[in-house]
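Spelled out from the first residue to the last, the chains are:
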Amino acid sequence: MNIGLIGAGTMGKFLLEKLNIDQLIPNYRIISVLDEREKAKEIMPSLSGKYDFTFFDKLDSFLNSGIDLIVESSNIETVQKYAYRILCEKDMVVISVGALADPAFFNKLKLVAEENATKLYLPAGAIGGLDAIKAAGIMGDLHSVSLVTRKPGEALSGGEITEERVLFDGSAKEAIARFPENANVAITLSLAGIGVEKTEVKIIADPKVDKNTHTIQAAGDFGKMEFTLQNNPSPDNPKTSHLTALSILSSLRSLQGQVVIG
Ligand SMILES: NC(=O)C1=CN([C@@H]2O[C@H](COP(=O)(O)OP(=O)(O)OC[C@H]3O[C@@H](n4cnc5c(N)ncnc54)[C@H](O)[C@@H]3O)[C@@H](O)[C@H]2O)C=CC1
Ligand SMILES: O=C([O-])CC(=O)C(=O)O
């Protein structure tokens, strides 16, 4: 599988290390990286030497570089800019899932993927339990879904804090608008469950935690569930839980093989 990467930051570099150097998934390699911004020309040559990929500064040449699948690990704006065009011809893994909070945009992507027989993969990212949420909602009998995200102040750009502070309490749709780098999980959860308007989100800065903590609660005809993750932050980006990059690798690995779990 020849992969094209958009976003060679914290997660992108981790994926380059694991796929291209450690060869964690046999035959899966990042062969192309896209960055159209002027400043990319300075940093890409050394990265491309280290990880052995070709750098592209134009989307069209990137798409024509022999890649089978695109992995995005950049930001919401990049997904909004490129996803439609990409899904016209390639499968795509999106991790900045907050880009899909607008139902009109999400439906447009679903439609273009359907028309072109391409696929949009949304890894679980920094959370889990989505298999249970999807199962619980399959008959429309999932009544409530909530997420409480608790992070150290520095992860929420709040700087030094001395006591717990609720920074946000509202819908997933509002959460991602206010915290585009911390509430992608709220949108993944919404898409798996009851949507961006009905999914309730609280974001709390907490000086007592050193992990990015996410608690999901759901109730419906199936019963109730509660699921808590205590994620170690990525060493290079305290906002991003390390589990997120692992979940991209896991999504890639699940494209291979005959057995599908979950
Ligand atoms: N779905 C989930 O569970 C989670 C999603 N995220 C999201 O994943 C994304 C990546 O996270 P990190 O790697 O920690 O971020 P990062 O900030 O370390 O890396 C992002 C990279 O994208 C590059 N970039 C920005 N604009 C670009 C463009 N137009 N074209 C190409 N490259 C561009 C930046 O230069 C940077 O190197 C972020 O949007 C983050 O909010 C983070 C954590 C959890
Ligand atoms: O990494 C995390 O813990 C969650 C996160 O930042 C996001 O969903 O945007």
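Reading the values: the criteria
- Residues numbered from 1 in each chain as written.
- Chains lettered and ligands numbered in written order.
- Predicted model: local features only at pLDDT ≥ 70, side-chain atom pairs only at ≥ 80, totals over all residues.
- Helix = DSSP H or I, 4+ residues; strand = E, 2+ residues; numbered from the N terminus.
- Buried ≥ 20, exposed ≤ 12 C-beta atoms within 10 Å, placed from the backbone.
- Contact = placed C-beta atoms within 7 Å.
- Pairing = 2+ DSSP bridges.
- Axes fitted to C-alpha atoms, helices over the stretch in contact; angles between N-to-C directions.
- pLDDT = per-residue confidence, 0-100.
- Expected span 1.5 Å × (residues − 1).
- Arc of directions from axis to C-beta.
- Near = placed C-beta within 6 Å.
- Nonpolar A, V, L, I, M, F, W, Y, C, P; charged D, E, K, R; others polar.
- UniProt positions renumbered as here; feature names shortened; annotations may be inferred.
- Domains from an automatic or database assignment.
- Core = buried A, V, L, I, M, F, W, Y, C linked by C-beta atoms within 7 Å.

As for its placement among the helices and strands, Val79 is situated in helix 4 (residues 76–87). With 24 C-beta atoms counted inside 10 Å, the residue Val79 sits in the buried group. In this structure the C-alpha to C-alpha distance between Val79 and Ser247, which are 168 residues apart in sequence, comes to 18 Å. Beyond its immediate stretch of four places on either side in the chain, Val79 contacts Glu72, Val94, Ser96 and Ala99.

On the basis of which strands lie adjacent, the open sheet formed by 5 strands has the order 8-9-7-10-11 and mixed pairing. In this open sheet, the two edge strands, each paired with only one partner strand, are strand 8 (165–171) and strand 11 (223–231). With direction set aside, neighbouring strand axes in the sheet form an average angle of 10°. Contacts from helix 8 (residues 184–192) reach strand 7 (142–151), strand 9 (200–205) and strand 10 (212–220), with the element oriented near 165° to strand 7.

Another point: the sheet that holds strand 3 (residues 54–56). The parallel open sheet is built from 6 strands, whose spatial order is 3-2-1-4-5-6. Taken across any chain shown, the strands that pair with only one partner, and hence form the sheet edges, are strand 3 and strand 6 (120–121). Direction of pairing for strand 2 (residues 29–34) relative to strand 3: parallel, over a ladder of 3 bridges. The residue of strand 3 that forms the bridge with Val33 is Phe55. Along the sheet face, helix 4 touches strand 1 (2–6), strand 4 (69–72), strand 5 (91–94) and strand 6 and points at about 160° away from the line of strand 5.

Interpretation of the predicted coordinates at a detailed level should be avoided for regions scoring low in pLDDT. The share of residues in the chain with pLDDT of 70 or more is 99%, and the mean pLDDT across the chain is 96. Here the predicted complex carries an ipTM of 0.99, next to a pTM of 0.97.

This part takes up helix 4. Counted at 1.5 Å a residue, the expected span for helix 4 with its 12 residues is 16 Å, and the 16 Å between its end C-alpha atoms agrees. All of the buried residues along helix 4 are Thr78, Val79, Tyr82, Ala83, Ile86 and Leu87. Along the axis of helix 4, the buried residues cluster in a sector spanning 125°; they form a single face. In this fold, the buried residues of helix 4 make contact with strand 1, helix 3 (59–63), strand 4, strand 5, helix 5 (103–116) and strand 6.

Attention now moves to the site of ligand 1. By nearness alone, 26 residues border ligand 1, and Gly7, Gly9, Thr10, Gly125 and Thr240 come closest of all. Secondary structure elements with two or more residues in the shell around ligand 1: helix 1 (10–21), helix 8 and strand 13 (237–241). Residue classes in the shell around ligand 1 are distributed as 7 nonpolar, 16 polar and 3 charged.

Among the 13 residues in the neighbourhood of ligand 2, the closest are listed as Ala126, Asn184, Val185, Asn212 and Ser241. Grouping the constituent residues of the shell around ligand 2 by class yields 3 nonpolar, 8 polar and 2 charged.

A few words on the UniProt feature "domain: Aspartate/homoserine dehydrogenase NAD-binding" (unreviewed entry) in the chain. Under the local residue numbering, the UniProt record ascribes the feature "domain: Aspartate/homoserine dehydrogenase NAD-binding" (unreviewed entry) to residues 7–123. Structurally, residues 7–123 is divided into 47% helix and 16% strand, and its ends, taken at the C-alpha atoms, are 16 Å apart.

Now for the domain arrangement of the chain. Segmentation of the chain into domains returns domain 1 (2–122) and domain 2 (130–239). One C-alpha centre belongs to domain 1, the other to domain 2; they are set 25 Å apart. With 8 residues of domain 1 at the contact, the number on the domain 2 side is 12 residues. Considering only residue class, the side of domain 1 that touches domain 2 consists of 5 nonpolar, 3 polar and no charged.

This next bit is on the nonpolar core. Counting residues in each nonpolar core, the largest one holds 69 residues, and the members touching the most others are Leu15, Ala83, Ala175, Ala186, Ile187 and Leu189. Considering each element in turn, this core owes the most residues, 6 residues, to helix 8. Looking at which domains feed residues into this core, each of domain 1 (2–122) and domain 2 (130–239) gives three or more. Those residues in contact with Leu189 that sit more than four places away from it in its chain are Ile127, Ile133, Val145, Leu147, Ala172, Thr199 and Ile216.

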